[in-house]
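Each chain is listed here by its residues.
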Amino acid sequence: MPLPFLTADRDFDADDDINDVALPFADHDQWRRPYRPGPWRVGLAALALLLASFVLLAAVVIAAAGASGGALFTFGVALLIILVALRVLRMGVWVSRAGLRQVRFFVTKTVPWPQANAVRTVQQPVRWLGLPRTVQGQALVLVRENGEQAPLLTDHNADFLSRVEAFDRAADTIEAWNAEYAGAR
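Note that the structure is a prediction, hence the values are computed from the model and not measured.

Participant: What is the right way to look at the overall build of the protein in this model?
Facilitator: Looking only at helices and strands, one finds three helices and six strands in the protein. Starting at the N terminus and ending at the C terminus, the protein contains elements arranged as α-α-β-β-β-β-β-β-α. If you take every contact in the protein between residues at least 6 apart in sequence, the share linking residues at least 24 apart comes to 52%. Summing over all exposed atoms, the protein offers an accessible surface of approximately 11100 Å²; the carbon and sulfur share of this is 63%.

Quick look at the structure:
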């Protein structure tokens, strides 16, 4: 649903759906996600922030009732929910001139481009929305110099479920970054 107003990343005469436009970036030294977060990831974070707002309201009510210990605990729970929502939004693959960074919920791994032997798309069983259930799909795989392979993105994760074109565009962009910076060893 296009909105009647224009945003900073949209041209005046663009008829494309705003969700299908790749994010522009000019500075290759800053870490950038070469794709937009998917609706599943954004929806989960929005629900978490909605829950946090109710917990914050409860903290205010508890503080107004005079139970400062309970209010501080409830405020801490709300802060924890907000931090989880922000981390969920930050998860994904980020690229810069320095290398490739995969941000997961608890772990962030950075691979310098010279250590990335290849980045390619393969057909394989992939996890559906990060759950234990696997389905046949596509994965963008990072092959390191030592032969170790690690999936970076899948077409069934929270960013690309039901968005095949966005997955293809993100995979092509990350492969282009690999060709540009890993090839310049």
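Participant: How should I be thinking about the sheet that holds strand β1 (residues 92–96) in this particular structure?
Facilitator: Two pairing modes exist for strands in a sheet, parallel and antiparallel, and in both the strands are linked by backbone hydrogen bonds. With antiparallel pairing, the three strands of this open sheet are ordered in space as β1-β2-β3. For this open sheet the edge positions go to β1 and β3 (108–112), each flanked by a neighbour on one side alone. Strand after strand, the sheet turns through a mean of 15° between neighbouring axes, direction not considered. Across five bridges, strand β2 (residues 99–103) lies against β3 in antiparallel orientation. Paired with G99 across the bridge in β3 is P112.

Participant: Which parts of the structure should I look at to understand the environment of A59?
Facilitator: Along the chain, A59 falls in helix α1 (residues 39–65). Along the sequence, A59 and V77 sit 18 residues apart, while their C-alpha atoms lie 9.4 Å from each other. Residues contacting A59, with those up to four places away along its chain left out, are A71, T74 and F75.

Participant: Quick question: what am I supposed to make of the side chain of D155 here?
Facilitator: Inspection of the secondary structure puts D155 in the loop between β6 (149–154) and α3 (164–181). Among the polar contacts made by the side chain of D155, one reaches the side chain of H156 at a distance of 2.8 Å. The residues touching D155, leaving out its near neighbours within four places in the chain, are V126, G137, Q138, F160, L161 and F167.

Participant: Sorry, what's going on with the nonpolar core here?
Facilitator: Looking at soluble globular proteins, one finds that nonpolar side chains tend to be buried together. Formed by 21 residues in total, the largest nonpolar core has its most connected members in L100, W113, L152, L153 and I174. Mapped onto this core, the elements with two or more residues apiece are β1, β4 (116–127), β5 (134–144), β6 and α3. It is α3 that contributes the most residues to this core, seven residues altogether. When neighbours within four sequence positions are excluded, L100 is seen to be in contact with W31, V93, W94, V95, K109, T110, V111, W113, L142, L152 and I174. Within the second largest apolar cluster, seven residues are counted, among which are V55, A78, I81 and A85.

Participant: How do you make sense of the sheet that holds β5 when you look at a structure like this?
Facilitator: The three strands are arranged β4-β5-β6 in an open sheet whose pairing can be described as antiparallel. Two strands close off the open sheet at either side, each with one partner strand: β4 and β6. On average, each strand axis in the sheet is inclined to that of its neighbour by 35°, with strand direction left out of account. Sheet analysis places β4 next to β5, joined by 11 bridges and oriented antiparallel. Each bridged residue has a counterpart across the sheet, and for Q123 the counterpart in β5 is Q138.

Participant: Hey, could you run me through a nonpolar patch on the surface in this one?
Facilitator: On the surface, L47, L50, F54, L57 and V61 cluster together to form a nonpolar patch covering roughly 530 Å² of accessible area. Looking at where L47 falls in the secondary structure, it is placed in helix α1. Among the residues examined, L47 registers a relative accessible area of 58% and is labelled exposed.

Participant: How should I be thinking about the pattern of salt bridges in this particular structure?
Facilitator: A side chain with one charge may pair with a side chain of the opposite charge, provided their charged atoms come close. If you walk through the whole model with that rule in mind, you get two salt bridges. For R97, the salt bridge identified is with D29, shortest N-O distance 2.7 Å. Here R97 is found in the loop between β1 and β2, whereas its partner D29 is found in the segment before α1, with 68 residues between them in sequence. Overall, R97 belongs to the partly exposed group, its relative accessible area being 43%. For the salt bridge of D159 with R41, the shortest nitrogen-to-oxygen distance reads 2.9 Å. One end of the pair, D159, is in the loop between β6 and α3; the other, R41, is in helix α1, with 118 residues separating them in the sequence. You can call D159 buried: its relative accessible area is 1%.

Criteria and thresholds
- Residues numbered from 1 in each chain as written.
- Predicted model: local features only at pLDDT ≥ 70, side-chain atom pairs only at ≥ 80, totals over all residues.
- Heavy atoms only, no water.
- Helix = DSSP H or I, 4+ residues; strand = E, 2+ residues; numbered from the N terminus.
- Contact = heavy atoms within 4.5 Å.
- Areas by Shrake-Rupley, 256 points an atom, 1.4 Å probe, with all protein chains shown as cover.
- Pairing = 2+ DSSP bridges.
- Axes fitted to C-alpha atoms, helices over the stretch in contact; angles between N-to-C directions.
- Polar contact = N/O pair within 3.5 Å; in protein donor to acceptor, adjacent residues only side chain to side chain.
- Core = buried A, V, L, I, M, F, W, Y, C linked by side-chain atoms within 4.5 Å.
- Buried < 20%, exposed > 50% of the residue type's maximum accessible area, 1.4 Å probe, protein only.
- Patch = residues over 30% accessible without salt bridge, like charges linked within 9 Å, V, L, I, M, F, W, Y side chains within 5 Å.
- Salt bridge = Lys/Arg side-chain N within 4 Å of Asp/Glu carboxyl O.

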